[in-house]
Amino acid sequence: MPRGRYSLHDPHDHTPLGDEHFHCATGPSGWRYVSQLTGTTGEHAGSVDLTLDALGRPIRMELHASGWQVRGAALDGVTWVRSDPTGAEAQEGNVPAHSFTGTSPAFLVATARLLRPAPGAPATRVRLVTFASPVLAPRTLDQSWALLESETHGTDNGPLVVENYQVNDLETGEQHAVHLAGDVVLAAPGLELEELESPPSTFG
C-alpha cells in the first residue's frame with residue numbers, strides 16, 4: 001500500500017500551498033485513496049477520500065475544506081451534495097459528466113484509470129466536475145487526455161512502468177504533462193512527490 005507525501009503549490013507562480021499526506025490501495029473491486037491536507041504552517045486544511053470501482057468510476061468521494069463538505073458518486077452522470085460549514089444547508093448537484101477532478105493527485109490517477117488510453121492513440125475527451133478551494137465551489141470542465149508513451153525503468157524493487165500523458169484544457173487550450181507510475185503521481189503541475197514509503201501499486 002503506497003503511503004507518502006505530496007507538496008502542493010500554485011502551478012503558475014509556484015507559491016507553496018501545503019502538503020497532502022496520503023495512502024492508497026488497489027483491490028479486486030477497485031482503488032481507494034485517502035489523504036489529509038495541511039497548510040504551509042502545518043495546520044489541518046482538509047481531506048480527500050476517493051473510491052473507484054474496477055472500471056475507474058467514482059463510487060464514493062468525500063472532500064473537506066474550510067468547514068465545507070462535498071460527497072459525491074457516479075450516478076446519472078455525477079451527483080454530489082455540498083454542505084456549508086454550519087450544516088444548515090445542503091445543496092445537491094448533478095451534471096452529465098464522466099467523473100470528478102480537483103487539486104488532489106488522486107483525481108489524476110482516477111481520470112487515467114477511467115480513460116485508459118492506448119499509447120499513441122488519439123486524445124480522449126472527458127467532462128469532469130471540479131470543486132475549487134476554499135469553499136469547494138463546483139465547476140464543470142472539459143479536458144482531453146492522450147497517453148504519449150509508457151517507459152519501463154529498472155529499480156531495486158523490480159520494473160517500474162511510467163506512463164506519460166498530455167492533458168489539454170479544452171476551454172483555455174492550456175497543455176500540461178502528467179507522469180504516473182501505477183497509482184502514484186510522479187510529476188504534474190502544482191505538485192511534487194516528496195516522500196514514498198513503498199512502491200506504487202499496479203492495476204490488474
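Residues numbered from 1 in each chain as written. Predicted model: local features only at pLDDT ≥ 70, side-chain atom pairs only at ≥ 80, totals over all residues. Heavy atoms only, no water.

Engineer: Just checking my understanding: could you explain the environment of Ser198 for this structure?
Structural biologist: Its location among the elements puts Ser198 in the segment after strand S15 (191-196). Considered as a pair, Ser198 and Arg3 are 195 residues apart in the sequence and their alpha carbons are 6.5 Å apart. Looking at Ser198, its side chain comes within polar contact range of the main-chain oxygen of Met1, at 2.9 Å. (Helix = DSSP H or I, 4+ residues; strand = E, 2+ residues; numbered from the N terminus. Polar contact = N/O pair within 3.5 Å; in protein donor to acceptor, adjacent residues only side chain to side chain.)

Engineer: I keep staring at the confidence of the model for the protein chain and nothing clicks. Help me out?
Structural biologist: The predicted coordinates ought not to be read in detail in places where the model reports low pLDDT. Chain-level statistics for the protein chain give a pLDDT mean of 94 and a share of 100% at 70 or above. Confidence, read as mean pLDDT per element, is least for strand S12 (residues 158-169) in the protein chain (93) and greatest for strand S9 (residues 99-101) (98). (pLDDT = per-residue confidence, 0-100.)

Engineer: I keep staring at the pairing of strand S5 (residues 58-65) and nothing clicks. Help me out?
Structural biologist: Along any regular strand, the residues point their side chains to alternate faces of the sheet. Bridge analysis of strand S4 (residues 44-53) against S5 gives six bridges, and the strand direction is antiparallel. Bridge assignment links Leu50 to a residue of S5, and that residue is Met61. What sits between the antiparallel neighbours S4 and S5 is a turn of four residues, in which Gly56 has the positive phi angle 90°. Both S5 and strand S6 (residues 68-74) contribute to a ladder of five bridges, which runs antiparallel. Each bridged residue has a counterpart across the sheet, and for Glu62 the counterpart in S6 is Arg71. (Pairing = 2+ DSSP bridges.)

Engineer: Mind showing me how you'd approach the pairing of strand S2 (residues 16-27) here?
Structural biologist: Where strand S1 (residues 3-9) meets S2, seven bridges bridge the pair, whose relative direction is antiparallel. Residue pairing across strands places Arg3 opposite His23, the latter belonging to S2. As consecutive antiparallel partners, S1 and S2 are separated by six residues, and within that stretch His14 has a phi angle of approximately 65°, a positive value. Where S2 lies against strand S3 (residues 30-38), nine bridges are found, and the strand directions are antiparallel. Bridging from a neighbouring strand, His21 pairs with Gln36 of S3. Counting the residues that bridge the hairpin from S2 to S3 gives two residues.

Engineer: Quick question: what am I supposed to make of unusual backbone geometry here?
Structural biologist: A negative phi angle characterises most non-glycine residues, just as the trans form characterises most peptide bonds. Cis geometry marks the peptide bond from Ser133 to Pro134; its omega dihedral reads 5°. The residue Pro134 is located in the loop between strand S10 (124-132) and strand S11 (137-155) in this model. Residue Ser66 is not a glycine yet carries a positive backbone phi of 50°. Examined against the element boundaries, Ser66 turns out to sit in the loop between S5 and S6. Phi angles above zero are rare outside glycine, and Leu136 is one such case at about 55°.

Engineer: What is the right way to look at the packing of aromatic side chains in this model?
Structural biologist: Two descriptors summarise a pair of aromatic rings, namely the distance from one centre to the other and the angle between the planes of the rings. Applying the stated criterion across every chain yields a total of seven aromatic pairs. Here the aromatic rings of Phe22 and Tyr33 are separated by 5.7 Å at their centres, their planes lie at 5°, and the arrangement is stacked. Taken together, the residues Phe22 in strand S2 and Tyr33 in strand S3 connect sequence positions eleven residues apart. Residue classification places Tyr33 among the buried residues on the basis of a relative accessible area of 1%. Between Trp31 and Tyr33 the ring centres are 5.8 Å apart and the planes differ by 45°, which places this aromatic pair in the tilted class. Among the aromatic residues, ring-to-ring pairing joins Tyr6, Phe22, Trp31, Tyr33 and Phe203 into one connected group. (Phe/Tyr/Trp six-rings, centres within 6.5 Å; stacked < 30°, edge-to-face > 60°. Buried < 20%, exposed > 50% of the residue type's maximum accessible area, 1.4 Å probe, protein only.)

Engineer: What exactly am I supposed to notice about the side chain of Asp183 here?
Structural biologist: Inspection of the secondary structure assignment puts Asp183 in the loop between strand S13 (175-181) and strand S14 (184-188). Here Asp183 is buried and forms no salt bridge, its nearest opposite-charge partner Arg113 lying at an N-O distance of 9.7 Å. Looking at Asp183, its side chain comes within polar contact range of the side chain of Trp31, at 2.9 Å. Within the structure, the side chain of Asp183 is placed 2.9 Å from the backbone nitrogen of Ser201, a separation counted as a polar contact. Not counting chain neighbours up to four residues away, the residues in contact with Asp183 comprise Pro2, Cys24, Ala25, Thr26, Trp31, Val109, Pro200, Ser201 and Phe203. (Lys, Arg positive; Asp, Glu negative; His and termini not counted. Salt bridge = Lys/Arg side-chain N within 4 Å of Asp/Glu carboxyl O. Contact = heavy atoms within 4.5 Å.)

Engineer: It is not clear to me how helix H1 (residues 105-115) should be interpreted in this structure. Could you clarify?
Structural biologist: Since the α-helix turns once every 3.6 residues, residues separated by three or four places project in the same direction. Of all eleven residues that make up H1, ten are buried, and the element is covered over most of its length. Residues Pro105, Ala106, Phe107, Leu108, Val109, Ala110, Thr111, Ala112, Arg113 and Leu115 constitute the buried set of H1. Once H1 finishes, Arg116 follows within two positions and takes phi at roughly 50°, a positive value.

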